[in-house]
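Chain residues, written in single-letter form:
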Amino acid sequence: MRMAPNESRGRISPVVIVGGLLVAAFAVIAARQMLRPREQQDLVEQIQAVGGFVTNDPPPTLAERISAYQSGSGWLATYTAVGLYTSDITGEWLRKHDNLAALKITDLKLSETALTDAELARFVAAHPVHVLQLRQEQIGEETVAALADLMDLTILELRDCPIADDQLARLPLEQLDELRIDGTRVTAEGMEALRRAERIVELTIGGRQLGGGTGNLLKAMPQLRDLQLFGSDVTDEHLDQLHNVPQLEFIQLSRTAVSDEGVKLLRAALPKCDVVVR
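The residue count restarts for each chain, going from 1 along the sequence in the order it is written. This being a predicted model, a pLDDT of at least 70 is required before a residue's local features are given, and a value of 80 or more before pairs of side-chain atoms are given or counted; all residues contribute to the totals for chains, interfaces and linings. In computing side-chain properties, one takes all heavy atoms of the structure into account and sets aside hydrogens as well as water.

(A) Fine view of the overall build of the protein chain. Segments assigned H or I by DSSP are reported as helices when at least four residues long, segments assigned E as strands when at least two residues long, and all are numbered from the N terminus. For the protein chain, the helix and strand inventory stands at 10 helices and 10 strands. For the exposure calls, accessible area comes from a 1.4 Å probe over protein chains only, and a residue counts as buried if that area is under 20% of its type's maximum, exposed if over 50%, partly exposed in between. In the protein chain, buried positions account for 47% of the 278 residues. Throughout, a contact is declared for two residues whenever any of their heavy atoms are within 4.5 Å. In the protein chain, of all internal contacts separated by at least 6 residues, the share reaching a separation of at least 24 is 57%. Computed with the Shrake-Rupley method and a 1.4 Å probe, the accessible areas treat only the protein chains shown as cover for residues. Here the protein chain has roughly 14500 Å² of accessible surface; of this, 52% comes from carbon and sulfur atoms.

(B) The arrangement of the environment of V186 in detail. Relative to the helices and strands, V186 is located in the loop between β6 (178-180) and β7 (202-206). With 21 residues separating them in the primary sequence, V186 and D165 have C-alpha atoms 4.9 Å apart. Excluding anything up to four places from it in sequence, V186 contacts I163, A164, D165, L168, I181, M191, R208 and Q209.

(C) Broad picture of the sheet that holds strand β2 (residues 81-84). Within the open sheet, the 10 strands sit side by side as β1-β2-β3-β4-β5-β6-β7-β8-β9-β10. Their pairing is mixed. What marks the edges here is a single partner per strand, and that holds for β1 (53-55) and β10 (274-277). Direction aside, neighbouring strands of the sheet carry axes that sit 10 degrees apart on average. In this sheet, β6 lies alongside strand β5 (residues 155-159) in parallel orientation, the contact comprising three bridges. Paired with E157 across the two strands is R180, which belongs to β6. Comment: axis = line fitted to C-alpha atoms, over the contacting stretch for helices; angle = value between 0 and 180 degrees taken between N-to-C directions. Strands in contact with helix α3 (residues 60-69) are β3 (107-111), β4 (131-135), β5, β6 and β7; relative to β5, the strand with the most contacts, it is inclined by about 120 degrees. Together, β2, β3 and β4 form the strand contacts of helix α5 (residues 117-125), whose direction differs from that of β3 by roughly 160 degrees. Two strands make a pair as long as DSSP finds a minimum of two bridges between them.

(D) Fine view of the environment of V263. Examined against the element boundaries, V263 turns out to sit in helix α10 (residues 260-269). Each C-alpha atom, one on V263 and one on V277, is 8.4 Å from the other, the two residues being 14 residues apart in sequence. Once you skip the residues sitting within four places of it in the chain, V263 turns out to touch L239, L253, V258, V275 and V277.

(E) Highlighting the pairing of strand β9 (residues 250-254). Of all five residues in β9, four are buried, a share of seventy percent or more. Inspection of the sheet shows strand β8 (residues 226-230) paired to β9 by five bridges, in the parallel sense. Following the sheet pairing, L229 is matched in β9 by L253. Summarising the sheet, β9 and β10 pair through four bridges and their orientation is parallel. Of the residues in β10, the one forming a bridge with F250 is D274. Clockwise travel from the first strand over the helix to the second, with the strands pointing away from the viewer, marks a crossover as right-handed. In this view, the connection linking β9 to its parallel neighbour β10 by way of α10 has right-handed handedness.

Listed below in structure tokens is the structure:
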């Protein structure tokens, strides 16, 4: 049946409708892109107001380390680091700022905030984190689960955090290049989980993580080159366990209870290793 002339003129072509929708969609996207720099700047100002920092310039040492690990440094092109070091950082503060989602943080540093386990888990999960440094943060089951899902995580520091053996075992250890767990509840027995951490180049631990079998464990970590021991619970007895870890190139002893004689014996056992005492 032929359409009447007036009826034909009253209908809108589907092509025109689709075209209009596309124009509207592009207009919305363009508007959001124009607003994003202002939104990001507002967040930077809010972070600075509580004594934190934001930077898009990766430290040269980090770039060098990532390159040395050969784990890919392409993400440094979109690098965003945020540091928050105060109890003013609460769950309410993060909710008010949408977990800083607009910044797309790749390097996150938190110390002594007032975040609960659940709040910390949501914050971490909101970002494409490659480097995560936590000190005296309330890590629990929810944060451990969030960390296990961070597919891009390569550097993890959990200094003085209440993480235990079973929680360490659930972390993505096999993808890490660096790990720091001094001051945690992890024991020498819990360190056995590191047998699957074949990529780790740098490891920082305390005396609690050192036991009779730790030397053999460290020897079995093929990429391990840099070992840092922290705390007054590190003794000469612990150093004796390192005499059989030939791949080590650097050992740093910080605020430990080791003696000059213990250090001398370690240097003699590992003549190619640089042993530094601080």
